Amino acid sequence: MEVKIKNMVCQHCVRAVERALNDAGFEVLDVELGRARIGGGQLSEKALARIDAALRSEGFERVTDPRDAVVERVKHAIMNHVREENCKFNLSACLADHVGIEYDTLSRIFSAREGRTIEKYFIAQRVELVKELLGYGTLTLTEIADKAGYSSVAHLSRQFKAVTGLTPTQYLADMAASSRIPLSEV
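Residues numbered from 1 in each chain as written. Predicted model: local features only at pLDDT ≥ 70, side-chain atom pairs only at ≥ 80, totals over all residues. Heavy atoms only, no water.

Caption draft 1: Structural detail: the environment of asparagine 22. By the secondary structure assignment, asparagine 22 is in helix H1 (residues 11–23). Residue class for asparagine 22 comes out partly exposed when judged on its relative accessible area of 39%. Each C-alpha atom of the pair asparagine 22 and isoleucine 5 lies 15 Å from the other, and the pair is 17 residues apart in sequence. (Helix = DSSP H or I, 4+ residues; strand = E, 2+ residues; numbered from the N terminus. Buried < 20%, exposed > 50% of the residue type's maximum accessible area, 1.4 Å probe, protein only.)

Caption draft 2: Fine view of the sheet that holds strand E2 (residues 28–32). If you walk across this open sheet you meet the four strands as E2-E3-E1-E4, and the pairing is antiparallel. With one partner strand each, in any of the chains shown, E2 and strand E4 (61–62) form the two edges of the open sheet. As paired elements, E2 and strand E3 (residues 35–38) share four bridges and run antiparallel to each other. Bridging from a neighbouring strand, valine 31 pairs with alanine 36 of E3. (Pairing = 2+ DSSP bridges.)

Caption draft 3: Summary view of the pairing of E3. Of the pairings in the sheet, the one linking strand E1 (residues 2–6) to E3 comprises three bridges and is antiparallel in character. Note that in E3 the partner of lysine 4 across the bridge is arginine 35. A loop of two residues connects E2 with E3, the two strands running antiparallel in sequence, and glycine 34 in this loop sits at a positive phi of about 90°.

Caption draft 4: Here's a closer look at the pattern of salt bridges. If you walk through the whole model with that rule in mind, you get 14 salt bridges. Across the pair arginine 35 and glutamate 2 runs a salt bridge, and its minimum N-O distance is 3.3 Å. Linking arginine 35 in strand E3 with glutamate 2 in strand E1, this pair joins segments that are 33 residues apart in sequence. By relative accessible area, which is 17% here, arginine 35 ends up buried. The class of glutamate 2 is partly exposed, set by a relative accessible area of 37%. As a salt-bridge pair, arginine 62 and aspartate 52 come within 2.7 Å of each other at their nearest N and O atoms. On the criterion of sequence distance, the pair formed by arginine 62 in strand E4 and aspartate 52 in helix H2 (residues 45–57) is long-range, its members being ten residues apart. On the accessibility criterion, arginine 62 (22% relative accessible area) is partly exposed. Taken together, the shared-partner salt bridges in this structure form one network comprising Glu2, Lys4, Asp30, Glu32, Arg35 and Arg37. (Salt bridge = Lys/Arg side-chain N within 4 Å of Asp/Glu carboxyl O.)

Caption draft 5: Inspection of the nonpolar core at higher detail. Ranked by size, the top nonpolar core spans 29 residues in total, and within it Val74, Ile78, Leu95, Ile118 and Val130 carry the most contacts. Elements with a minimum of two residues in this core: helix H3 (66–83), helix H4 (91–99), helix H5 (103–114), helix H6 (118–136), helix H7 (141–147) and helix H8 (153–164). Counting residues per element, this core draws most heavily on H6, at nine residues. Among the nonpolar cores identified, the runner-up in size contains 21 residues, and Val17, Ile38, Leu55 and Phe60 belong to it. (Core = buried A, V, L, I, M, F, W, Y, C linked by side-chain atoms within 4.5 Å.)

Caption draft 6: Representation of H5 within the structure. Helix length check: H5 (twelve residues) gives 16 Å between terminal C-alpha atoms against 16 Å at 1.5 Å per residue, within 8%. When H5 is considered as a whole, its buried residues turn out to be Leu106, Ile109 and Phe110. Projected down its long axis, H5 shows its buried positions confined to an angular sector of 100°, all on one face. Summarising the geometry of H5, the exposed residues directed more than 90 degrees from the buried face are Asp104, Arg108 and Ala112. Summarising the contacts, the buried residues of H5 are in contact with H3, H4 and H6. After H5 finishes, the residue glycine 115 shows a positive phi value of roughly 75°. (Expected span 1.5 Å × (residues − 1). Arc of directions from axis to C-beta. Contact = heavy atoms within 4.5 Å.)

Caption draft 7: Main features of the pairing of E1. Bridge analysis of E1 against E4 gives two bridges, and the strand direction is antiparallel. Looking across to E4, one finds that lysine 6 is bridged to glutamate 61.

See the structure below:
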């Protein structure tokens with residue numbers, strides 16, 4: 001049986017869900033972002049309650065509302081769009097293609113369920129990618145702007161500051177201070 005799961009965003013989440021379901025005594029066939037396949041056929045209400053408890057213990061939850069399933073598919077498509085350097089579609093076309101629902105409908109469902117727009121979520125994901133790339137310390141801001149799909153360093157810096165309250169340089173300085181790395185090494 002397939003179980004749709006909310007709040008999975010990375011491969012660490014995949015491993016956490018797999019571990020939680022295994023620890024709860026389920027035969028886990030496979031786990032991907034947003035879903036897990038469990039062996040044994042139809043699950044009883046008691047088994048579903050155990051799944052819910054196992055997922056909750058790791059910060060996840062089972063998706064039971066079809067609109068929530070659409071939102072999770074949109075989130076995964078956005079994460080893929082942000083991290084896929086070769087995506088040639090604009091965001092709305094990419095989402096409509098990936099989810100199979102017109103963008104206007106996706107936008108309406110997403111905003112109603114999440115309390116923010118798809119665009120704001122997209123920007124937040126791009127900023128998270130920038131933070132990750134800054135943390136590696138191997139790329140220039142120009143290279144990071146290019147990898148994250150920004151038209152310029154200035155555009156990246158404006159969005160970064162709007163989301164975090166810091167410029168990328170201030171963010172790096174805060175990272176260095178909190179990890180006791182000499183600023184000269186940043």
